[in-house]
2 protein chains.
Amino acid sequence: MGLCLITAVITVAQVHGTKSRTLLPMARWEPNAAERLAHAALDLFAERGYENTTVIDIAQRAGLGKSTFFRHFQDKREVLFGGGAMDGLLVEAIAAAPATATPLEAVAHALDAAGREVFTPARREFIARRQAVIAANPELREREALKNLALIASMTDALRQRGVPDLTARVAAELGALASTIAFERWSRTATGDDFSEIARQALDDVQASTSLC
Amino acid sequence: MGLCLITAVITVAQVHGTKSRTLLPMARWEPNAAERLAHAALDLFAERGYENTTVIDIAQRAGLGKSTFFRHFQDKREVLFGGGAMDGLLVEAIAAAPATATPLEAVAHALDAAGREVFTPARREFIARRQAVIAANPELREREALKNLALIASMTDALRQRGVPDLTARVAAELGALASTIAFERWSRTATGDDFSEIARQALDDVQASTSLC
DNA sequence: CGCAGTGATGAGACAAAGTCCCATCACTGG
DNA sequence: CCAGTGATGGGACTTTGTCTCATCACTGCG
């Protein structure tokens, strides 16, 4: 799966530094609680595994309490899928594609946007690490599958609003998701700072070519 | 989703009646504990909803204890996805397809098998009821998404073993899953005893035709 | 007829997930 | 200096899921 990735930890460095005077009272009241929790969780999951990590462990490492964890995340799995801006990003990109674009070209437009905003070279290592944690645990893969389904539904809707017939929209969204997954697999293996958008376009072409051989 | 359906409750009426003499000592030691639990669960989920139903509630309605529930099912969700013979059924059907068949024809072969063995007219109402329960709850949809993923992976493997190239196998499996989902949507709406296999073949044709319009 | 063995079950203790309520603390504005 | 706001902490509570051990039904054997 490649679409439903990272979104938490995206709004990272921003506030920090406004009130560096009152550091004594402890980590509490320090900003970015959600980000700290997400980072602490990824670290712990990578160290000891998802199931050997307690929500309390995560909260403690972030200098927070259990209550605060559940105030920021619906459940333990969600800490790795937090942000979720991916959805809107793809929908907007599909809507913004030229009116003359075919469904799959509109999807390619969306994958470009993902490459520009999310799957950046700077985040590659972090995202791959996160993906490894997810792949290692059934509960997390389950959540990822659901997110992916939601993403496909969003893309399908976005295509329909361009006037694409229902079934065609569904097929295009599904093929786009598959291409994205394949592109992500290739991209996370590249040691170099390869551009995700290029890889994704290539993957989309490959997928489209394969449909003729079915 | 249509592929990952029913499997529990499939080995239903069989043993019953061998020891109808000792009925007094209570439901215990009555056979088919798993089936009784699955039916009790579906009834309760339909009545009060998944989240308002306790595992203990389910066990009690089946005349069993909590321990026995978790002895038969990994977790609360799994009670609706129990059997799981679907996987092997599709894999075997794909392997058994004529060597001359294209990937999608092999998949069509698998959907035929599903229509013959699982999505029978007699089970239509029950399956639709179960699907409604799943659709009404995020946790259950999540599990369904994971099962669907596993099914796609199985079909992909089965196609690869026929000598189909990796990417083509993946695309064919994905398109087959989509066709199956669409076929299931259509089939569960038909009041008549329509044949799932026919609907599925039609859906597969529709999907294939749509790929040309992307 | 009785007696030990097997297998499914039940009961209860336990850890962790998730929910809820309320007190507390940091900071804000008057 | 004081009241208000919002994020936090703590703890009680329910439920899920695990584990261990005793129990019961039925089986086969002497």
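Everything below is about the structure shown above.
In this text, all values refer to a predicted model and were calculated from it rather than measured experimentally.

Definitions and cut-offs
Residues numbered from 1 in each chain as written. Chains lettered and ligands numbered in written order. Predicted model: local features only at pLDDT ≥ 70, side-chain atom pairs only at ≥ 80, totals over all residues. Heavy atoms only, no water. Least-squares fit on C-alpha atoms with pLDDT ≥ 70 in both. Contact = heavy atoms within 4.5 Å. Buried area = accessible area lost by both parts, 1.4 Å probe. Salt bridge = Lys/Arg side-chain N within 4 Å of Asp/Glu carboxyl O. Polar contact = N/O pair within 3.5 Å; in protein donor to acceptor, adjacent residues only side chain to side chain. Helix = DSSP H or I, 4+ residues; strand = E, 2+ residues; numbered from the N terminus. Nonpolar A, V, L, I, M, F, W, Y, C, P; charged D, E, K, R; others polar.

Trainee: How do you make sense of the relation of the copies chain B and chain A when you look at a structure like this?
Mentor: Both copies of the chain are related through a single rotation about an axis accompanied by a shift along the same axis. Once chain B has been moved 0.0 Å along the axis and rotated by 180 degrees, it coincides with chain A to within an RMSD of 0.0 Å. Both copies of the chain, as the preceding transformation shows, are related through a two-fold rotation axis. When the interface residues of chain B are mapped onto chain A, 100% of them again fall at the interface, so both copies present the same face.

Trainee: Would you mind showing me how to read the interface of chain B and chain A here?
Mentor: One widely used convention gives an interface's size as the accessible area the parts lose upon coming together. On the chain A side, the residues contacting the 28 residues of chain B number 28 residues. Across the chain B to chain A interface the summed buried area is about 2,600 Å²; carbon plus sulfur atoms make up 68%. The interface formed by chain B and chain A includes 4 salt bridges. When the shortest N-O distance is used, the salt bridge between E185 of chain A and R170 of chain B registers 2.7 Å. Where chain B meets chain A, there are 8 residue pairs in polar contact (both at pLDDT 80 or more). Elements with a minimum of two residues in the side of chain B that touches chain A: α5 (103-117), α7 (138-160), α8 (166-189) and α9 (196-211) of chain B. The element best represented in the side of chain B that touches chain A is α8 of chain B, accounting for 11 residues. In the side of chain B that touches chain A, the residues fall into 15 nonpolar, 6 polar and 7 charged.

Function cannot be inferred from these measures alone, as they are strictly geometric.
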